[in-house]
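The chain contents come next:
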Amino acid sequence: MFLSYEGDLERLSKYKTVVIDAQYFEATEIEEFRNDGHKIYSYINIGSLENFRDYYAEYKDLTLDVYENWEDEKWVDATSKRWQSFILDELAPSLLAKDIDGFFVDNCDVYYMYQSDEMLDGVATIMKGLVATGKEVIMNGGDAFIEAYTERGGNFRDVLTGINQESVFTRIDWENDRFYGSFKEDREYFLEHLEKYSKMGADIYLLEYTSNPFISIRVKNYCKQHGYKYYISDSLDLGI
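Small disclaimer: the values here were computed from a predicted structure and weren't measured.

Novice: What should I look at first to understand the overall build of the chain in this one?
Specialist: Within the chain, the secondary structure is distributed over eight helices and twelve strands. In summary, the chain has a C-alpha radius of gyration of 17 Å against a globular reference of 18 Å for 240 residues, a match within 12%. Principal-axis analysis of the C-alpha atoms gives the chain an extent of 45 × 40 × 40 Å. Within the span of the chain, comprising 240 residues, buried residues form 49% of the whole. Sequence separation of at least 24 residues holds for 63% of the intrachain contacts in the chain that already meet a minimum separation of 6. Surface exposure of the chain reaches about 12,100 Å², of which carbon and sulfur atoms provide 44%. In the chain, 25 side chains carry a positive charge and 46 a negative one; their mean positions are 6 Å apart.

Novice: Whenever I open this one, the sheet that holds strand β1 (residues 17–20) confuses me. Can you help?
Specialist: If you walk across this open sheet you meet the seven strands as β1-β2-β6-β7-β8-β11-β12, and the pairing is parallel. The open sheet has two edge strands with one neighbour each: β1 and β12 (229–233). Between one strand and the next, the sheet's axes are offset by a mean angle of 20 degrees, whatever the strand orientation. In terms of strand pairing, β1 meets strand β2 (residues 39–45) through four bridges, oriented parallel. Across the sheet, the residue bridging to Ile20 is Ser42, located in β2.

Novice: Is there a simple way to think about the packing of aromatic side chains in this case?
Specialist: To describe a pair of aromatic rings, one takes the distance between the centres and the angle between the planes. Per the stated rule, a full pass over the model turns up 16 aromatic pairs. Through a chain of ring-to-ring contacts, three or more aromatic side chains come together here, namely Tyr55, Tyr59, Trp83 and Phe86.

Novice: What should I look at first to understand the layout of surface pockets in this one?
Specialist: In this approach the atoms are scanned with a rolling probe the size of a water molecule, which exposes any empty space left behind. In this structure, the largest pocket encloses a volume near 1,400 Å³. Put simply, the parts of the chain that give the lining of the largest pocket at least two residues each are β5 (73–76), β6 (102–106), α4 (110–113), α6 (143–151), β8 (162–166), β9 (170–173), α7 (184–200) and β11 (203–209). Within the lining of the largest pocket, the residues separate by chemical class into 20 nonpolar, ten polar and 14 charged. Approximately 400 Å³ is the volume attributed to the second largest pocket. Residue lining of the second largest pocket: 17 residues in total, with Thr17, Tyr205, Lys229, Tyr230 and Tyr231 positioned closest to the centre. Of all the secondary-structure elements, those providing two or more residues to the lining of the second largest pocket are β1, β11 and β12. Examining the composition of the lining of the second largest pocket, we find that four residues originate from one element, β12, more than from any other.

Novice: Before we go on, may I ask you to explain empty space enclosed by the protein in this structure?
Specialist: Considering all chains together, one arrives at one cavity of 30 Å³ or more under this definition. Looking at the largest cavity, its volume works out to about 50 Å³. Lining the largest cavity we find Asp21, Gln23, Tyr43, Ile44, Asn45, Arg53, Tyr55, Leu91 and Leu95. Listed by contribution, the elements that provide at least two residues to the lining of the largest cavity are β2 and α3 (81–96). No other element matches β2, which puts three residues into the lining of the largest cavity. Considered class by class, the residues forming the lining of the largest cavity number five nonpolar, two polar and two charged.

Cut-offs used in this document
Residues numbered from 1 in each chain as written. Predicted model: local features only at pLDDT ≥ 70, side-chain atom pairs only at ≥ 80, totals over all residues. Heavy atoms only, no water. Helix = DSSP H or I, 4+ residues; strand = E, 2+ residues; numbered from the N terminus. Rg over C-alpha atoms; globule rule 2.2 N^0.38 Å. Buried < 20%, exposed > 50% of the residue type's maximum accessible area, 1.4 Å probe, protein only. Contact = heavy atoms within 4.5 Å. Areas by Shrake-Rupley, 256 points an atom, 1.4 Å probe, with all protein chains shown as cover. Lys, Arg positive; Asp, Glu negative; His and termini not counted. Charge placed at Lys NZ, Arg CZ, Asp CG, Glu CD. Pairing = 2+ DSSP bridges. Axes fitted to C-alpha atoms, helices over the stretch in contact; angles between N-to-C directions. Phe/Tyr/Trp six-rings, centres within 6.5 Å; stacked < 30°, edge-to-face > 60°. 1 Å grid on protein atoms, 1.4 Å probe; cavity = no way out; pocket = protein on both sides within 12 Å on 5 of 7 lines; lining within 4 Å. Points joined across faces, edges and corners; volume = space filled by probe spheres on them. Nonpolar A, V, L, I, M, F, W, Y, C, P; charged D, E, K, R; others polar.

Structure, rendered in C-alpha cells:
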C-alpha cells in the first residue's frame, strides 16, 4: 500500500500486488511493472475530495463537512449526479487507460457520515459502475454501506469484489500520532464483519499500522489462517 509514493515503481518490485495512486504515474511505467509480473490497483476516492487534486476547484461546491483528522479533504456529496458522472465517466476511465488491474476505493464511509437512502443509492451507483468495468474493486472500510446495501436486498457482488479493512488489530491515537493494539470490542466486530463476507466469496485485505513486532506476528498468523492478504505499515503516509 503506497498511496503517497510517486517514485520509480521498480523500488516496489519485492511486492506481488501494490496499491498506488495511478493518477501520478504514466501508463508506460505501469505497463512495465505489470509486465514484470506485478498486479496494480489504483486508489480512487469516491466519498471525499482532497484540496490537492487538480479537479478540486471544479467540484468543491459539492463538499460537505471537513474530514476529521485529514485537514486537506472534505466529505463530498455522493448523491450528486455531477460527481457520479465525474467518477464514472472521467476519473475511472483515465485510470483504466493506464491498464490497472483494479480499483482501491476509498471513503464509501461517506454513507456512514450521512446516512440516507439517497446517499446509499449514490454510493451504490458509483460502486456498481466501477464493478461494471470488469476490473476488481476493493472497498476500503465501508462496513456501514455494505451492510445497509445487502440488508436492502442487494448482492455484495454488485458493488465490490473485495474488502480492505484498516486497523483491525491496531488503533491510531490521532492526538499523539501513535499506534496501539485495538480494543477487543472493535477487533471482534471487524473480524466478524470480514468473516461474513469472506464466506460469501469476497477477497479480504487488512491494513494495519504498527511497529510492534508482537502485533505484527498476530496479524500475519491470523491472515495466514484465514486466507486474507495484509499489509503492515509503521506510518500513516503510506510512502516507502
